[in-house]
Amino acid sequence: MKMFKEALASLLKKPETIEYPVRPSTPENLRGKHRIEFEKCIGCGLCEKICPTGAIKLKEETLKLNINGKVIEKKVRKIHSLDLTKCIFCGQCVDICPVKIIKFTKEYELASSDIEKLKIRK
């Protein structure tokens with residue numbers, strides 16, 4: 001009987017939830033989707049080493065440098081991709097990057113049925 005009274009009382013009250021499309025303001029230090037400036041990567045590899053889940057992958061690239069009219073090829077490993085399906089948003093990659101090319105954005109709605117949308121690639 002007590003449960004019936006509570007159910008009846010609940011029917012007469014306004015809902016306590018907010019409609020979904022209304023988005024609350026996000027805090028300044030929110031750890032949302034990453035933004036990576038791939039072209040500024042110096043290839044130190046610290047982000048890949050510190051990532052606890054292995055979400056960051058580097059790829060070997062060949063740079064062609066022109067020094068005093070001589071073309072020199074140098075192989076470097078630069079950041080290639082970040083897999084958000086593996087990422088735990090710990091922020092270690094953001095903190096350790098010496099040139100600060102990895103940053104968090106305020107984009108936090110990342111649900112997708114397409115797994116490729118959850119991979120940030122060069």
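Predicted model, so just to flag it, every value in this text is computed and none were measured.

A.B. asks: Describe in detail the overall build of the protein, supporting the description with residues and values.
C.D. replies: In terms of regular secondary structure, the protein is built from three helices and five strands. The order of α-helices and β-strands along the protein, N terminus first, is α-β-α-β-β-α-β-β. Projected onto its principal axes, the C-alpha coordinates of the protein cover approximately 90 × 25 × 25 Å. Buried positions account for 25% of the 122 residues belonging to the protein. Within the protein, contacts between residues at least 6 apart in sequence are counted, and of these 70% link residues at least 24 apart. Element-wise, carbon and sulfur atoms account for 57% of the exposed surface of the protein, whose accessible area totals about 9,500 Å². Computing the positive centroid from 26 side-chain charges and the negative centroid from 16, the protein places the two 4 Å apart.

A.B. asks: Which residues make up the pairing of strand β3 (residues 70-83), and what are the values?
C.D. replies: Pairing analysis gives 12 bridges linking strand β2 (residues 56-67) to β3, with the strands arranged antiparallel. In the strand pairing of β3, Lys 59 is matched with Lys 78. Hairpin connection, β2 to β3: the antiparallel pair is bridged by two residues, and Asn 68 has positive phi, about 50°. Sheet topology note: the β3/strand β5 (residues 119-121) ladder contains three bridges and is antiparallel. Among the inter-strand pairings, Asp 83 is bridged to a residue of β5, identified as Lys 119.

A.B. asks: Could you give an account of the nonpolar core, naming the residues involved and the relevant values?
C.D. replies: If you look at the biggest cluster of nonpolar residues, it comprises 20 residues, and the most contacted ones within it are Ile 36, Ile 56, Ile 79 and Ile 102. Of all the secondary-structure elements, those providing two or more residues to this core are β2, β3 and α3 (92-96). Among residues more than four places away in sequence, those in contact with Ile 102 are His 34, Arg 35, Ile 36, Cys 47, Ile 79, Cys 93, Val 94 and Cys 97.

A.B. asks: Could you give me a rundown of the state of the cysteines, with the residues and numbers involved?
C.D. replies: Using the criterion set out here, one finds zero disulfides in the structure. The thiol of Cys 41 is not disulfide-bonded; the next cysteine sulfur, from Cys 47, is found 6.3 Å away. No disulfide involves Cys 44; its sulfur sits 6.1 Å from that of Cys 97, the nearest cysteine. Judged by relative accessible area, which is 34%, Cys 44 ranks as partly exposed.

Parameters at a glance
- Residues numbered from 1 in each chain as written.
- Predicted model: local features only at pLDDT ≥ 70, side-chain atom pairs only at ≥ 80, totals over all residues.
- Heavy atoms only, no water.
- Helix = DSSP H or I, 4+ residues; strand = E, 2+ residues; numbered from the N terminus.
- Buried < 20%, exposed > 50% of the residue type's maximum accessible area, 1.4 Å probe, protein only.
- Contact = heavy atoms within 4.5 Å.
- Areas by Shrake-Rupley, 256 points an atom, 1.4 Å probe, with all protein chains shown as cover.
- Lys, Arg positive; Asp, Glu negative; His and termini not counted.
- Charge placed at Lys NZ, Arg CZ, Asp CG, Glu CD.
- Pairing = 2+ DSSP bridges.
- Core = buried A, V, L, I, M, F, W, Y, C linked by side-chain atoms within 4.5 Å.
- Disulfide = S-S within 2.5 Å.

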